[in-house]
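Secondary and tertiary structure notes
Listed below, chain by chain, are the residues.
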Amino acid sequence: MPGYKVCVVGGAGGIGQPLSMLMAMDPNVAELCVYDLTIAMIPADGVAADLGHLNKAAKVKAYAFDKDARAAEVAGECLTGCDLVLVPAGVPRKPGQDRAALLNINAGIAKNIVEACAKFCPEAVIALIVNPVNSVVPAMCELWKKAGHDPCKIVGVTTLDCVRAEKFVHEITGAPVGDISIPVIGGHAGTTILPLFSQDDRAALSASKVTFGKKGVETVHPLGDLSPHEKERLAALTPALKDEIDAGLEYASRNEFAA
Ligand SMILES: NC(=O)C1=CN([C@@H]2O[C@H](COP(=O)(O)OP(=O)(O)OC[C@H]3O[C@@H](n4cnc5c(N)ncnc54)[C@H](O)[C@@H]3O)[C@@H](O)[C@H]2O)C=CC1
Ligand SMILES: O=C([O-])CC(=O)C(=O)O
């Protein structure tokens, strides 16, 4: 087994806890860091203690930092040597709010963490779950590039959209869930989420249009054939997606990692 070191930042939160459990159960993971704030509703220490009792190989450790601390100053032990940093740290939206409203606060949280990754684990793949994914990912990629690092290491996580599309198709068609494979393109926000139902090949393949390798994203695959309806939806969503990417780039133009 490869024996990877993984950190889940926001690891005591709603997404972070089950994600940390999945990581602790993965035989590829030798070391798991559950990183959160000292003010977190559930203490990182408790999450790590419970996960550390799973009869799995991963060694689990907790890190909790003050909300005003700079990760680049305090998170050295936690991040050094990480192969993968998963980031569900951030504020979730409230009913009626859209994901874009979270940009300023969550980009600040992501920047604090990604800046520390640039210092302590610049070779790690950094997977951003924090919303709005469509803006936070381009923002962090730009800042990462400005700091001289390879932007193929920064990815957004939207697997949830594939999982949902596959479940809905299963519920409607009754086809076995394991046989359904629906790629989803367009990003992770309201109308920009475009499931390509026409490409369901019933072939239990990964729904992803991206191939990962040691360097992060190694191949971005073409979209393949789209049905007329999908082409129409893609044309309609592109301006919204572009605006969200531009909002991220605009954030990056006003900010940089602290020296
Ligand atoms: N990409 C996707 O598919 C999805 C993204 N999300 C996004 O993930 C984020 C987290 O959602 P939930 O887990 O439901 O929220 P939550 O509030 O339950 O958990 C967030 C955790 O992040 C921690 N945190 C906040 N600031 C931090 C910082 N500076 N450093 C370290 N930890 C920090 C909090 O203490 C908390 O434990 C939200 O932005 C949400 O919109 C949620 C679901 C799916
Ligand atoms: O809806 C949200 O705010 C959280 C999220 O991204 C999702 O569940 O798809």
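Residues numbered from 1 in each chain as written. Chains lettered and ligands numbered in written order. Predicted model: local features only at pLDDT ≥ 70, side-chain atom pairs only at ≥ 80, totals over all residues. Heavy atoms only, no water.

When the UniProt feature table is mapped to this numbering, "binding site: substrate" (unreviewed entry) covers Arg 93, Arg 99, Asn 131 and Arg 164. Relative to the assigned elements, Asn 131 resides in the loop between strand E5 (125–128) and helix H6 (133–146). Apart from residues no more than four positions distant in its own chain, Asn 131 is found in contact with Arg 99, Leu 102, Asn 106, Val 136 and His 188. (UniProt positions renumbered as here; feature names shortened; annotations may be inferred. Helix = DSSP H or I, 4+ residues; strand = E, 2+ residues; numbered from the N terminus. Contact = heavy atoms within 4.5 Å.)

Here the structure, examined in full by the defined rule, presents two aromatic pairs. Summarising the aromatic geometry, the rings of Tyr 35 and Phe 65 are spaced 5.0 Å apart at their centres and angled 75 degrees between planes, so their arrangement reads as edge-to-face. One end of the pair, Tyr 35, is in strand E2 (residues 29–37); the other, Phe 65, is in strand E3 (residues 59–65), with 30 residues separating them in the sequence. Assessed through its relative accessible area of 6%, Tyr 35 is described here as buried. With centroids separated by 6.4 Å and ring planes inclined at 25 degrees, the aromatic side chains of Tyr 63 and Phe 65 adopt a geometry described as stacked. Phe 65 shares its class with Tyr 63; the two are buried. Taken together through their ring pairs, the aromatic side chains of Tyr 35, Tyr 63 and Phe 65 make up a single cluster. (Phe/Tyr/Trp six-rings, centres within 6.5 Å; stacked < 30°, edge-to-face > 60°. Buried < 20%, exposed > 50% of the residue type's maximum accessible area, 1.4 Å probe, protein only.)

We now examine the side chain of Glu 244. Structurally, Glu 244 can be placed in helix H8 (residues 228–254). The charged side chain of Glu 244 is buried without a salt bridge, its nearest counter-charge being Arg 99 at 8.0 Å. Residues contacting Glu 244, with those up to four places away along its chain left out, are Asn 134, Ser 135, Ala 189 and Thr 192. (Lys, Arg positive; Asp, Glu negative; His and termini not counted. Salt bridge = Lys/Arg side-chain N within 4 Å of Asp/Glu carboxyl O.)

Turning our attention to the side chain of Glu 115. Tracing the backbone through its elements, the reader meets Glu 115 in helix H5 (residues 103–120). Among the polar contacts listed, one links the side chain of Glu 115 to the backbone nitrogen of Ala 258, at a separation of 2.8 Å. Look past the residues within four positions of Glu 115 in its chain and what remains in contact with it is Arg 70, Ala 72, Glu 256, Phe 257 and Ala 258. (Polar contact = N/O pair within 3.5 Å; in protein donor to acceptor, adjacent residues only side chain to side chain.)

Next up on the list: the environment of Ala 110. If you trace the backbone, Ala 110 turns up in helix H5. The spacing of Ala 110 and Val 137 is 27 residues in sequence and 9.3 Å in space, taken between C-alpha atoms. Discounting residues that sit within four places of it in the chain, Ala 110 has contacts with Val 130, Val 136 and Met 140.

Core analysis: the largest hydrophobic core is formed by 40 residues, its most contacted members being Tyr 35, Leu 79, Val 85, Val 87, Ile 126, Leu 128 and Met 140. Counting 21 residues, the second-largest nonpolar core is a separate cluster that includes Val 29, Ala 44, Ala 58 and Leu 86. (Core = buried A, V, L, I, M, F, W, Y, C linked by side-chain atoms within 4.5 Å.)

Taken together, Arg 93, Arg 99, Asn 131, Leu 160, Arg 164 and His 188 make up the full set of residues adjacent to ligand 2. Note that an oxygen atom of ligand 2 is positioned 3.0 Å from one of the side-chain N or O atoms of Arg 99. Its free accessible area being 260 Å², ligand 2 has 71% of it covered by the protein chains. Here the shell around ligand 2 is built from residues that sort into one nonpolar, two polar and three charged. For the shell around ligand 2, the two domains that each supply at least three residues are domain 1 (4–157) and domain 2 (159–248). (Near = heavy atom within 4 Å. Areas by Shrake-Rupley, 256 points an atom, 1.4 Å probe, with all protein chains shown as cover. Nonpolar A, V, L, I, M, F, W, Y, C, P; charged D, E, K, R; others polar. Domains from an automatic or database assignment.)

Moving on, we get to the UniProt feature "domain: Lactate/malate dehydrogenase C-terminal" (unreviewed entry) in the chain. Taking the numbering used here, the UniProt-annotated feature "domain: Lactate/malate dehydrogenase C-terminal" (unreviewed entry) corresponds to residues 158–199 and 201–250. For the annotated span residues 158–199, helix accounts for 36% and strand for 10% of the residues, and the straight-line distance between the end C-alpha atoms is 18 Å.

For the rest of this paragraph, the subject is the environment of Lys 56. Residue position: Lys 56 is located in the loop between helix H2 (44–52) and E3. Under the relative-accessibility criterion, Lys 56 is labelled partly exposed at 40%. In this structure the C-alpha to C-alpha distance between Lys 56 and Ala 12, which are 44 residues apart in sequence, comes to 19 Å. Not counting the four nearest positions on each side in its chain, Lys 56 is found in contact with Ala 24 and Met 25.

Turning our attention to the packing of H5 against H8. Following both chains from N to C, one finds H5 and H8 inclined at 55 degrees, their axes separated by 12 Å at the closest point. The angle between H5 and H8 falls in the class oblique. Here the hand of the crossing between H5 and H8 comes out right-handed. Along the contact surface, H5 presents Leu 103, Asn 104, Ala 107, Gly 108 and Lys 111, while H8 presents Ala 247, Tyr 251 and Arg 254. Class assignment for the residues of the contact of H5 with H8 results in four nonpolar, two polar and two charged. (Axes fitted to C-alpha atoms, helices over the stretch in contact; angles between N-to-C directions. Parallel < 35°, antiparallel > 145°, perpendicular 65-115°, else oblique. Left-handed = near helix turned anticlockwise from the far one by under 90°.)

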